[in-house]
Protein chains: 2
Amino acid sequence: MNHAAGKVWAPVITPFDADLAVDAGRLVAHAQWLTEQGVGLAVFGTNSEANSMSVAEKQALLTALVEASIHGNQLMPGTGLCAIPDTVTLTRHALSCGCAGVLMLPPFYYKGVSDEGLFRYYAEVIERVADERLRIYLYHIPQVTKVPLSLDLIARLRASFPGVIAGIKDSGGDWSHTQALIQRFSSEEFAVYAGSERFLLDTLRAGGAGCISATANVNPAAIVALAGNWQADDADLQQQRLNALRDCFEGYPVIPAMKAATAYYSSSDAWRRVRPPLLELNDEARDELVEQLKTLGFSMQGVEVVNG
Amino acid sequence: MNHAAGKVWAPVITPFDADLAVDAGRLVAHAQWLTEQGVGLAVFGTNSEANSMSVAEKQALLTALVEASIHGNQLMPGTGLCAIPDTVTLTRHALSCGCAGVLMLPPFYYKGVSDEGLFRYYAEVIERVADERLRIYLYHIPQVTKVPLSLDLIARLRASFPGVIAGIKDSGGDWSHTQALIQRFSSEEFAVYAGSERFLLDTLRAGGAGCISATANVNPAAIVALAGNWQADDADLQQQRLNALRDCFEGYPVIPAMKAATAYYSSSDAWRRVRPPLLELNDEARDELVEQLKTLGFSMQGVEVVNG
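All values derive from a computational prediction rather than experimental measurement.

(A) Main features of the interface of chain A and chain B. With 42 residues of chain A at the interface, the matching set in chain B holds 42 residues. Here chain A packs against chain B, burying approximately 3300 Å² in sum over the two surfaces, 66% of which is carbon and sulfur. Among the residues chain A hides against chain B, the three largest losses belong to Tyr-109, Tyr-110 and Pro-277 of chain A. Together they make up 25% of the total. Applying the counting rule to chain A against chain B returns two salt bridges.

(B) Here's a closer look at the packing of aromatic side chains. Tallying each qualifying case throughout the model produces 19 aromatic pairs over all chains. For the ring pair Phe-108 of chain A and Phe-108 of chain B, a centre distance of 5.9 Å and an interplane angle of 50° mean the geometry is tilted. Here Phe-108 of chain B lies in the loop between strand 3 (102–104) and helix 4 (115–129) and Phe-108 of chain A lies in the loop between strand 3 (102–104) and helix 4 (115–129), a pairing that spans two chains. In this pair, the class of Phe-108 of chain A matches that of Phe-108 of chain B, namely buried. Summarising the aromatic geometry, the rings of Trp-175 of chain A and Phe-199 of chain A are spaced 6.1 Å apart at their centres and angled 20° between planes, so their arrangement reads as stacked. Of this pair, Trp-175 of chain A sits in helix 7 (residues 175–185) while Phe-199 of chain A sits in the loop between strand 6 (191–194) and helix 8 (200–206), and the two are 24 residues apart along the sequence. Each member of the pair Trp-175 of chain A and Phe-199 of chain A is classed as buried. Within the aromatic cluster, the residues linked to one another by ring pairs are Phe-108, Tyr-109 and Tyr-110 of chain A together with Phe-108, Tyr-109 and Tyr-110 of chain B. Here the basic side chain of Arg-156 of chain A rests over the ring of Phe-119 of chain A, its NZ or CZ set 3.6 Å away from the ring centre.

(C) Inspection of the relation of the copies chain A and chain B at higher detail. Mapping chain A onto chain B calls for a screw motion: a turn of 180° about the axis and a shift of 0.0 Å along it, with 0.0 Å RMSD after fitting. Expressed as a symmetry operation, the mapping of one chain copy onto the other fits a two-fold axis. Interface overlap between copies is the fraction of interface residues in one copy that are interface residues in the other; for chain A against chain B it reaches 100%, indicating a shared surface.

(D) Seen up close, helix 11 (residues 254–265) of chain A. All names here are of chain A. Taking 1.5 Å of rise per residue, the twelve residues of helix 11 would be expected to cover 16 Å, and the 17 Å separating its terminal C-alpha atoms lies within 8% of that figure. Where burial is concerned, most of helix 11 is hidden: ten out of the twelve residues are buried. Restricting attention to buried positions, one finds in helix 11 the residues Ile-255, Pro-256, Ala-257, Met-258, Lys-259, Ala-260, Ala-261, Thr-262, Ala-263 and Tyr-265. Looking at the buried residues of helix 11, the elements they touch are helix 1 (24–36), helix 10 (235–250) and helix 12 (283–295). A positive phi of about 50° marks Ser-267, the residue just after helix 11.

(E) The arrangement of the packing of helix 1 (residues 24–36) of chain B against helix 2 (residues 55–67) of chain B in detail. Residue and element names in this part refer to chain B. Close contact between helix 1 and helix 2 brings their axes to 10 Å; oriented N to C, the two are set at 50°. When the axis of helix 1 is compared with that of helix 2, the two are oblique. Regarding helix 1 and helix 2, the two cross each other, and that crossing is right-handed. Across from Ala-24, Leu-27, Val-28 and Ala-31 in helix 1, the residues of helix 2 making contact are Leu-61, Ala-64 and Leu-65. Class assignment for the residues of the contact of helix 1 with helix 2 results in seven nonpolar, no polar and no charged.

(F) Up close: the pairing of strand 4 (residues 136–140) of chain B. Residues and elements named next belong to chain B. In terms of burial, strand 4 is largely enclosed, as five of its five residues are buried. Across the two faces of strand 4 the burial is the same, with Ile-136, Leu-138 and His-140 and Tyr-137 and Tyr-139 all buried. The pairing of strand 3 with strand 4 spans three bridges and is classified as parallel. Bridge pairing links Met-104 to Leu-138 in strand 4. Handedness of the crossover is the feature at issue here: the chain leaves strand 3, passes through helix 4, returns alongside strand 4, and the resulting connection is right-handed. As paired elements, strand 4 and strand 5 (residues 165–170) share five bridges and run parallel to each other. Paired with His-140 across the bridge in strand 5 is Asp-170.

Rules behind the numbers
- Starting afresh in each chain, residues are numbered from 1 along the sequence in its written order.
- For this description, chains carry letters from A and ligands carry numbers from 1, given in the order in which they are written.
- In view of the model being predicted, local features appear only for residues whose pLDDT reaches at least 70, and side-chain atom pairs are presented and counted only at 80 or more, with totals across whole chains, interfaces and linings using the full set of residues.
- Hydrogens and waters are ignored; side-chain quantities use all the structure's heavy atoms.
- Contact between two residues is taken to exist if any of their heavy atoms lie within 4.5 Å; hydrogens are not considered.
- Put simply, buried area is how much 1.4 Å-probe accessible surface two parts lose in total, over both of them, once they are put together.
- Each salt bridge in this description consists of a side-chain nitrogen of Lys or Arg and a carboxyl oxygen of Asp or Glu lying within 4 Å of one another.
- Side-chain rings of Phe, Tyr and Trp (the six-membered ring for Trp) are treated as a pair once their centres are within 6.5 Å; stacked means planes under 30 degrees apart, edge-to-face means over 60, and tilted covers the remaining angles.
- Per the convention used, a helix needs a DSSP run of H or I reaching at least four residues, while a strand needs a run of E reaching at least two, with both numbered from the N terminus.
- Relative accessibility thresholds used throughout: buried, under 20% of the residue-type maximum; exposed, over 50%; partly exposed, between the two (1.4 Å probe, protein chains only).
- A positively charged side chain is recorded as over a ring if its NZ (Lys) or CZ (Arg) lies within 6 Å of the ring centre. The angle to the ring normal must also be within 35 degrees.
- Here the copies are superposed with least squares, the fitted atoms being C-alpha atoms of residues at a pLDDT of at least 70 in both.
- The span one expects for a helix is its residue count, reduced by one, times 1.5 Å.
- Orientation is described by lines fitted to C-alpha atoms, with helices fitted over the stretch in contact, and by angles between N-to-C directions that extend from 0 to 180 degrees.
- For classification purposes, an angle smaller than 35 degrees is called roughly parallel, one larger than 145 roughly antiparallel, one from 65 to 115 roughly perpendicular, and anything else oblique.
- Here a crossing is called left-handed whenever its near helix is offset anticlockwise from the far helix by less than a right angle, and right-handed whenever the offset is clockwise.
- For this classification, Asp, Glu, Lys and Arg are treated as charged, while Ala, Val, Leu, Ile, Met, Phe, Trp, Tyr, Cys and Pro are nonpolar and the rest, including Gly, are polar.
- Should DSSP find at least two bridges between two strands, the strands are taken to pair.
- Crossovers are marked right-handed if the path from the first strand over the helix to the second runs clockwise, as seen with the strands pointing away from the viewer.

Structural data, given as structure tokens:
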């Protein structure tokens, strides 16, 4: 594969201290646990609260991960922002850290923008970054950005920047759309990732690359197991088990729920904190979620415990 | 009035050079022309392409305006961004420049966020800025942000931060909503601005403060005239004339159209440039727009001509 990318990536949740400052030490510990489970680190995704952090905060966190000996080929940071200068700054920094690729949102402030305008945005970023190591994974999450990436736009970008446009994460939640992306684009040079492990088996069977999923923050080993054994006899059963666990989280706002579970299993209540406008899960909802997870026999085995 | 704010503000369009870098000299010239017409400068609004600029670019531009002897009481920069640290940085800088107030978007990445989450965002910003000079004008533009500011949220913010929450710009385009805001909140201490001069007369008659409108970039004198003479016999006729001019622009994407008109009347084609994902008006559309403006006898009298 041209894309060094693995099959399963976690949009890594971001820990905050009591002043809501980013907690690099706690992030490094969680990232190390995730990589031990075989999951790649799509830091600075939607579930990372990336857009609630400044460019400087994200640069500092990525540097901290690399200094903690996390290898660049396990990192796919989100670098797409509304302002081209910001996107270029973060993308260049990611390349200087040796990252395998970057996950790039479209500019998401203006709505109803044209494919031509989005093409020019990505083209301008690529030309300014001007680095042959650049591998961009497009990030389609229209329910959040309200700025979809059309199939025609993807085709045009691939044709204009072969080798640079290396894949896409489809977080739209619509399997028929992921399927259309795989049928039209999936190849050795273009990785199509589902945005949820709910579609992992379907994605791999259809010829896609894998998934980049929030739940990989808490359930990495089981997701990686299916990705590695998707042709096994019990693959459908494994998928059903992944779905059952994901169902627990989907009854709550996903980011606060991931953080609440991580807080519980790492005995670190600090993990529950989110930055506004998000709200942490309250005690009642946390207890209810944990109860459901226990019913499934779930635990975050071996998760790093950091005091606090 | 507690709010030093005037009645008419322009979300000042931002000029870019051939490399799409911000052109501070051209911005200063346009800003000076606008203030001569009696219009306040709501720099870094939606029409300023503010979210297509980095925090550092906006700080540099605001500093350039102040260094060009534009007085702080004529400045209401937009400072609301998705990340609290960025909003705090820009807001502190605006205060250090002596700005009359700041126009503050809600965080606009996540959708479906709660009033409680939005309240915490604004509260956190206010507590971190920790400056008694702070005057926040809330910025309601739900068709772009997809994050509306509810009347209950506004009431709660006003009650919790009296004197700080100084007003709102309602860019929703729905007069009944602006009317509801005026009826519930308008006072000496809380300014309700319509987001378009189309509602200027209605706003002033209902007891609102005025308007903050894109078209004030090109038609400032006539809008200021109505704001000053809204009780005159010909006020409705003046409003009709403002509407007729605005109609011309609304047939096109508004930002590129404002820039195309400014380019034409200042003989500075450079003004047409926008940053992706926006697209500049093409020659055909520009010619068509100018033709319509000429039919109305419109010109941007005395607009600064900067070569290029």
